[in-house]
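Topology and contacts: notes
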Amino acid sequence: MSRSKKHKGKMLKEKQTKKLPYMSILFMVIVIAIFSGAIYLIMSKSASLDPVDKDAIKMTITMAGFEPNIIRAKAGQPVTINLINPDNSHHTDGGGVHNFMLTAGLANMNITVQPESQKVFTFTPTQKGEYHWYCDSCCGGRENPSMHGTLIVA
Ligand SMILES: [Cu+2]
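As the structure is a prediction and not an experimental result, all values here were calculated from the model. (Residues numbered from 1 in each chain as written. Predicted model: local features only at pLDDT ≥ 70, side-chain atom pairs only at ≥ 80, totals over all residues.)

The subject of this paragraph is the overall build of the protein. When you go through the protein residue by residue, the secondary structure sums to 1 helix and 9 strands. Along the protein, from the amino end to the carboxyl end, the secondary structure elements read α-β-β-β-β-β-β-β-β-β. Looking at the protein as a whole, 16% of its 154 residues qualify as buried. (Helix = DSSP H or I, 4+ residues; strand = E, 2+ residues; numbered from the N terminus. Buried ≥ 20, exposed ≤ 12 C-beta atoms within 10 Å, placed from the backbone.)

The structure is reproduced here in structure tokens:
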């Protein structure tokens, strides 16, 4: 009697030790899946912020302002800007949305770029001069000194 009990106990122990590697493999698989998922998300986000139009002027707009904030152009020649907004929608001011407004003298442009996205737009300056653009969707908008840029048409 005592012998069979002992045997049963041994069997149970064996079952537990057999189950253990299976559980740790499952755990490892889950950990790897979570990590590769996170890496994929990070990579895909930065990849999507590469300019879609390589021939355009690459311009980023963040809470810090426009980069570059001076553009030189020639009258009569089209200007194409690839505006990139890397800010996310968690910004409390304006929800990460930025825009490019150029309303004085040259054109009437109001280009909105959503958080973590980009927009390509083209316009043709017709007259020489200096023109001002700004963003009015965040941080005080037009009143914010960093949310401005200058287009110099020669
Ligand atoms: Cu803005």
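An order of S2-S1-S4-S7 is seen for the 4 strands of this open sheet, with the pairing classed as mixed. At either margin of the open sheet sits one strand with a lone partner, and together these are strand S2 (65-67) and strand S7 (117-123). Taking each pair of neighbouring strands and ignoring which way they run, the sheet shows an average axis angle of 25 degrees. The pairing of strand S1 (residues 57-62) with S2 spans 3 bridges and is antiparallel. Following the sheet pairing, Thr 60 is matched in S2 by Glu 67. (Pairing = 2+ DSSP bridges. Axes fitted to C-alpha atoms, helices over the stretch in contact; angles between N-to-C directions.)

Of all hydrophobic cores here, the largest spans 15 residues; its most connected members are Met 59, Ile 61, Leu 83, Phe 100, Trp 133, Tyr 134 and Cys 135. For this core, the elements supplying multiple residues, two or more each, are S1, strand S4 (79-85), strand S8 (129-134) and strand S9 (148-153). Contacts of Trp 133, omitting those with residues within four sequence positions, involve Phe 100, Met 101, Leu 102, Gly 149 and Leu 151. (Core = buried A, V, L, I, M, F, W, Y, C linked by C-beta atoms within 7 Å. Contact = placed C-beta atoms within 7 Å.)

At the junction of Glu 67 and Pro 68, the peptide bond is cis and its omega measures out at 0 degrees in the coordinates. The topology assignment puts Pro 68 in the loop between S2 and strand S3 (70-73). In the Ramachandran plot, Glu 116 falls in the positive-phi region, its phi being about 55 degrees despite a non-glycine side chain. Note that Glu 116 resides in the loop between strand S6 (109-113) and S7. Judged by C-beta crowding, with 15 C-beta atoms within 10 Å, Glu 116 ranks as partly exposed.

You can see Asp 55 is positioned in the loop between helix H1 (2-48) and S1. For Asp 55 and Asn 82, which are 27 residues apart along the polypeptide, the C-alpha to C-alpha distance reads 8.8 Å.

Here we come to the confidence of the model for the protein. Detail in the predicted coordinates should be disregarded across regions flagged by low pLDDT. In the predicted model, the protein carries a mean pLDDT of 83, and 81% of its residues have values of at least 70. When mean pLDDT is compared element by element in the protein, S3 scores highest at 97, while H1 scores lowest at 67. (pLDDT = per-residue confidence, 0-100.)

Let us look at the environment of Phe 121. Along the chain, Phe 121 turns up in strand S7. With 68 residues separating them along the chain, Phe 121 and Asp 53 place their C-alpha atoms 10.0 Å apart. Residues contacting Phe 121, with those up to four places away along its chain left out, are Ile 81 and Ile 111.

Attention shifts here to the pairing of S1. Relative to S4, S1 is paired through 4 bridges, and the arrangement is parallel. What sits directly across from Thr 60, in S4, is Ile 84. Hairpin connection, S1 to S2: the antiparallel pair is bridged by 2 residues.

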